[in-house]
Structures are given as structure tokens and as C-alpha cells.
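# Descriptive analysis of the structure
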Amino acid sequence: MELHGVKAVFFDLDNTLIDTAAAGRRAIEEVISALQSKHRYGEGEARAVCDKVQAKLLKECHDPAKMCITDLRISHWEEAIQETIGGEANRDLAAECYYLWKTTRLQHLTLAEDTRAMLTELRKGLRLLLLTNGDRQTQREKIEACACQPYFDAIVVGGEQKEEKPAPSIFHYCCDLLGVQPAECVMVGDSLDTDIQGGLNAGLKATVWLNKAVTAPVDISPVPHYIISSILDLPAVLQKMEHNINAKLETDHMASSNE
């Protein structure tokens, strides 16, 4: 796909190109099953441990200078087990749960065939960049697991940069990597707070919000330029943008001719 106004598209990774949430659910069920069958936990206890871990992951603040992500996440499991069962801390069981959760999640992170085909087609006329927030090790493992590297001209991980999305600096760094201007780029992602706000902060040409919910919220903030319910709807949006750009150029040309 070749476009005149747009030269590059930035894609978020988690829950945009790959279904990290679904993979996470599969991983949690695997741990619940292991706690029940191997460690004789009741289902309620096993689920309580996993619920606590998920709550800790949501609130996680990680400073790689102080602790590696592996130690931090084993600690999440250790605390959750102790909070649920009581008694002595069980680091070995915590580590077992963490590695089972992690490996199962990575196994289920896949870049769908139709998404691969779309990226291949887009890349014929556009530069594509993967821009993901998060810990360096965690995100690089996901990228490796879903084998998405061949589809992108560049991959940028927030945890490797001074600032993450929505800071304008990381978007401008991406533009420099590809040799394009912010006004020639489109950001596609599922997060209003990081992807859409970040694209707006950086002055990108357009932001495209992937909202998989059946109905979009009435009052959304920040306001994206476009909303899609499937990543596969993106080419149609880009064609629409191209049509709007061409129509504006034609109008401007006619206006200048009439002066």
C-alpha cells in the first residue's frame, strides 16, 4: 500500500498486534491447575493466589536498576501465596508458579496469519515500526515468542529508552529512526492513555484506537482521530486518510487556481 500523506505506521504490541490478555488467562488457568493437582490446593485457594498476583501485576512499579523483573515477579507469587495460605514464605513454589505462568503465556502469544499478511502488504509502501512500553526483558521475550521482527523496519521498547509512551520524546526518537517527520506518521494502539495520548502529544498525523469492545464509550478522552474494532480494519482507515488528503489537495489547488 502506497500513500502520499503517510510514510510510516507505529504499532503497539500488547493487545493490539497480539492478544496478551488471552494468553495471560491461559497461563493463569495452567497455574491454578498445577496448584490443585500437584500441590493439593483447593480451587478457591488457587484462584485467590492468582487473583492476588494479577492485582500486583497491574500495580507493578519496576526499577531495573534495583531489581530484575524475574526476582520482582517471583516475589509477587511469594507474597500472594503467603497472603492466601499463611505460614512461612515459599520461594521455591513461587518460582515454580512464575515460570509456569511465564512460559505458558509466551507459548500462547502468536501473531495471527491474517495480521502477518496485513503487515506484509502495508510494508510494501510504508515504513512500519513496533513501539511497546514495558520492561526490556519481558517485551523482548514476547517479541521473540510471536516472531514479529521480520515485519518491522524498527522495534523500540520503552524500557530501553529514557521515557516511555505517552512522552513525545520516544515518538520523536521513532521518527528519527525511520527518517520521517511526526506529521507523516500514524500511531495504532489499544491504550488511550499511552498510544493515543502519546501520538497526540508528539504531533503525529493521526492516531488510530483499537477498541475491541462491541460499543465504544460515549465520552472518550483523549479523542483519537479514528476508531477500529479489529486491527484488520486498519488498511481501510489508511485508504480513507489518503482519500481525504487527496481531496484536500485538489480543493487547495482549485482555490489557488481561482485566485
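An unreviewed UniProt entry annotates the protein chain as NANP phosphatase of Horornis vulcanius. As recorded by UniProt, the Cofactor (unreviewed entry) comment attached to the protein chain reads in full: "Mg(2+)".

## Side note on helix H7 (residues 168-178)
Note that an α-helix has 3.6 residues per turn; residues three or four places apart therefore point the same way. Along H7, the positions that sit buried rather than exposed are Ile170, Phe171, Cys174, Cys175 and Leu178. The buried residues of H7 occupy an angular sector of 145 degrees when the element is viewed end-on, so they sit on one face. As for H7, its buried residues are in contact with strand E1 (8-11), strand E2 (127-132), strand E3 (154-157), strand E4 (185-189) and helix H8 (192-201).

## Focus on the pairing of strand E5 (residues 206-210)
Among the 5 residues that make up E5, 5 are buried, leaving the element largely enclosed by the rest of the structure. Residue alternation in E5 divides its side chains into two sets, Ala206, Val208 and Leu210 and Thr207 and Trp209, and both sets are buried. Here 4 bridges tie E4 to E5, and the two strands are oriented parallel to one another. Note that in E5 the partner of Val186 across the bridge is Ala206. For the crossover that starts at E4, traverses H8 and ends in the parallel E5, the hand is right-handed. Summarising the sheet, E5 and strand E6 (residues 226-228) pair through 3 bridges and their orientation is parallel. Along E6, the bridge assignment pairs Trp209 with Ile227.

## Examining the packing of aromatic side chains
Counted by the stated rule, this structure contains 3 aromatic pairs. With 6.1 Å between their ring centres and 35 degrees between their planes, Tyr98 and Trp101 make a pair best called tilted. On the criterion of helical spacing, the pair formed by Tyr98 and Trp101 is a turn pair, its members being 3 residues apart in helix H4 (residues 91-107). A single burial state applies to Tyr98 and to Trp101, both of which are buried. Taken together, Tyr98, Tyr99 and Trp101 form an aromatic cluster joined through their ring pairs.

## Quick look at the pairing of E4
Counting buried residues in E4 gives 5 out of 5 residues, a clear majority hidden from the surface. Inspection of the sheet shows E1 paired to E4 by 4 bridges, in the parallel sense. When the bridges of E4 are listed, Ala8 appears paired with Cys185.

## Comments concerning the pattern of salt bridges
By the definition in use, this model includes 17 salt bridges. Salt-bridge contacts for Asp153 lead to Arg123; the nearest nitrogen and oxygen are separated by 3.1 Å. Linking Asp153 in the loop between helix H6 (136-146) and E3 with Arg123 in the loop between helix H5 (113-122) and E2, this pair joins segments that are 30 residues apart in sequence. A salt bridge links Arg127 to Asp153; the nearest nitrogen and oxygen atoms lie 3.7 Å apart. With a gap of 26 residues between them, Arg127 in strand E2 and Asp153 in the loop between H6 and E3 connect regions that are remote in the sequence.

## Observations regarding the nonpolar core
Judged by nonpolar contacts, the single largest core of 34 residues is most densely connected at Val9, Phe11, Leu119, Leu130, Phe152, Val186 and Leu234. The biggest single contributor to this core is helix H9 (residues 234-258), with 4 residues. Setting aside its immediate chain neighbours within four residues, Val9 contacts Leu126, Arg127, Leu128, Leu129, Val186, Val188, Leu234 and Leu238.

Calculation rules
Residues numbered from 1 in each chain as written. Predicted model: local features only at pLDDT ≥ 70, side-chain atom pairs only at ≥ 80, totals over all residues. Heavy atoms only, no water. UniProt positions renumbered as here; feature names shortened; annotations may be inferred. Buried < 20%, exposed > 50% of the residue type's maximum accessible area, 1.4 Å probe, protein only. Helix = DSSP H or I, 4+ residues; strand = E, 2+ residues; numbered from the N terminus. Arc of directions from axis to C-beta. Contact = heavy atoms within 4.5 Å. Pairing = 2+ DSSP bridges. Right-handed = clockwise from strand over helix to strand, strands pointing away. Phe/Tyr/Trp six-rings, centres within 6.5 Å; stacked < 30°, edge-to-face > 60°. Salt bridge = Lys/Arg side-chain N within 4 Å of Asp/Glu carboxyl O. Core = buried A, V, L, I, M, F, W, Y, C linked by side-chain atoms within 4.5 Å.

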